[in-house]
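A closer look at the structure
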Amino acid sequence: MDDRRTAGRRAGDGRAGRDGQPVPPATVGRLPGYLRALEATASDGAVLTSSEELAARAGVTSAQLRKDLSFLGSYGRRGVGYDVGHLREQITVVLGLADVRRVLLVGVGNLGHALANYAGIAERGFVLVGLVDTDPAVVGTTVAGLEVEHADDLRQVVQRTGATIAVLTTPAAVAQRVCDELVAAGVVGILTFAPCALRVPAHVDVRAVDVASELQILAFHDRARSVGGGAS
């Protein structure tokens, strides 16, 4: 029987960085922020940047940034800083974005429509290759230039498109079943918006986005500030 884990397994466990050593999951979680900061820096026309400037853009301390980048073997040059283009390339490779990643979207409701049309997917090195749903009113329609296919054909869609990552926006009641089908078809990364924990084999990464839970956490801190008369 497969070793199964719940949603929340952090992508990045065991990913190679400097000298083939694994990059800590917490560091992997901050790398996309550094990449965005570098892209913003490059758009300003800068060729070099200091750890202080880059850290400020990324919202971390310069010490944290330098420690994280050291796992990539990037230390910058004293008095010069970091080469923006080179560092972007390093992070892109470590994040696995040097090659275009094919993404399948399962669940084309309101949220699915918004995600399918989100320009940031392509801008970040991903390509949306398929859309799947069960609603007869949706199947056969065209969204973001792609025809929505029926969920009964999910495995064939994965195999035909070569998708390795799936975005799941289905109701919680069917999320696990769809997840199992995706894994059986060869998908190894799932971003789920379904408000439930998904069980997956050890080789599959799951990232969960639970908007309601995040709002509840914000409500907790808001209440704590109100009760305490200040910041919690």
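Anyway, here's the lowdown on the structure attached to this text. Only a predicted model underlies this, so the values are computations on that prediction, with no experimental measurement involved. (Residues numbered from 1 in each chain as written. Predicted model: local features only at pLDDT ≥ 70, side-chain atom pairs only at ≥ 80, totals over all residues. Heavy atoms only, no water.)

**Overview of the sheet that holds strand 7 (residues 146-150)**
Strands pair in a sheet through their backbones, by hydrogen bonds, and they do so in one of two ways: parallel or antiparallel. Pairing is mixed in the open sheet, where seven strands are placed in the order 6-7-5-4-8-9-11. Two strands bound the open sheet, and with one partner strand each, they are strand 6 (142-143) and strand 11 (205-208). Relative to strand 7, strand 5 (residues 126-133) is paired through three bridges, and the arrangement is parallel. If you follow Val132 over to strand 7, its bridge partner there is Glu149. The strands touched by helix 7 (residues 154-161) are strand 4 (101-106), strand 5 and strand 7; relative to strand 4, the strand with the most contacts, the crossing angle is about 160°. Together, strand 4, strand 8 (165-168) and strand 9 (189-192) form the strand contacts of helix 8 (residues 172-185), whose direction differs from that of strand 8 by roughly 170°. (Pairing = 2+ DSSP bridges. Helix = DSSP H or I, 4+ residues; strand = E, 2+ residues; numbered from the N terminus. Contact = heavy atoms within 4.5 Å. Axes fitted to C-alpha atoms, helices over the stretch in contact; angles between N-to-C directions.)

**Focus: the nonpolar core**
Residues Leu104, Val106, Leu154, Val158, Leu168, Leu182 and Ile190 are the most contacted members of the largest nonpolar core, which totals 23 residues. Elements with a contribution of two residues or more to this core: strand 4, strand 5, helix 7, strand 8 and helix 8. It is helix 8 that provides the largest number of residues to this core, a total of six residues. If we ignore the near neighbours within four places in the chain, the residues touching Leu168 are Val106, Ala175, Val178, Leu182, Ile190, Leu191, Thr192, Phe193, Ala194 and Leu198. Within the second largest apolar cluster, 15 residues are counted, among which are Leu31, Tyr82, Val84 and Leu97. (Core = buried A, V, L, I, M, F, W, Y, C linked by side-chain atoms within 4.5 Å. Buried < 20%, exposed > 50% of the residue type's maximum accessible area, 1.4 Å probe, protein only.)

**Remarks on helix 7**
Within helix 7, the full set of buried residues consists of Leu154, Val157, Val158 and Thr161. Buried residues of helix 7, seen end-on, are gathered within an arc of 100° and therefore sit on one face of the element. Away from its buried face by more than 90 degrees, helix 7 exposes Gln159 and Arg160. The inward-facing, buried residues of helix 7 contact strand 4, strand 5, strand 7 and helix 8. (Arc of directions from axis to C-beta.)

**Description of the pattern of salt bridges**
Applying the stated criterion across every chain, the model contains five salt bridges. In this structure, Arg30 and Asp68 form a salt bridge, with 2.7 Å as the shortest nitrogen-oxygen distance. Linking Arg30 in helix 1 (residues 25-43) with Asp68 in helix 3 (residues 62-70), this pair joins segments that are 38 residues apart in sequence. Residue classification places Arg30 among the partly exposed residues on the basis of a relative accessible area of 26%. Under the relative-accessibility criterion, Asp68 is labelled buried at 0%. In this structure, Arg57 and Asp44 form a salt bridge, with 2.4 Å as the shortest nitrogen-oxygen distance. One end of the pair, Arg57, is in helix 2 (residues 51-58); the other, Asp44, is in the loop between helix 1 and strand 2 (48-49), and 13 residues separate them in sequence. Judged by relative accessible area, Arg57 falls into the partly exposed class, the value being 44%. Since its relative accessible area comes to 54%, Asp44 is described here as exposed. (Salt bridge = Lys/Arg side-chain N within 4 Å of Asp/Glu carboxyl O.)

On their own, these measurements won't tell you what the molecule is for.
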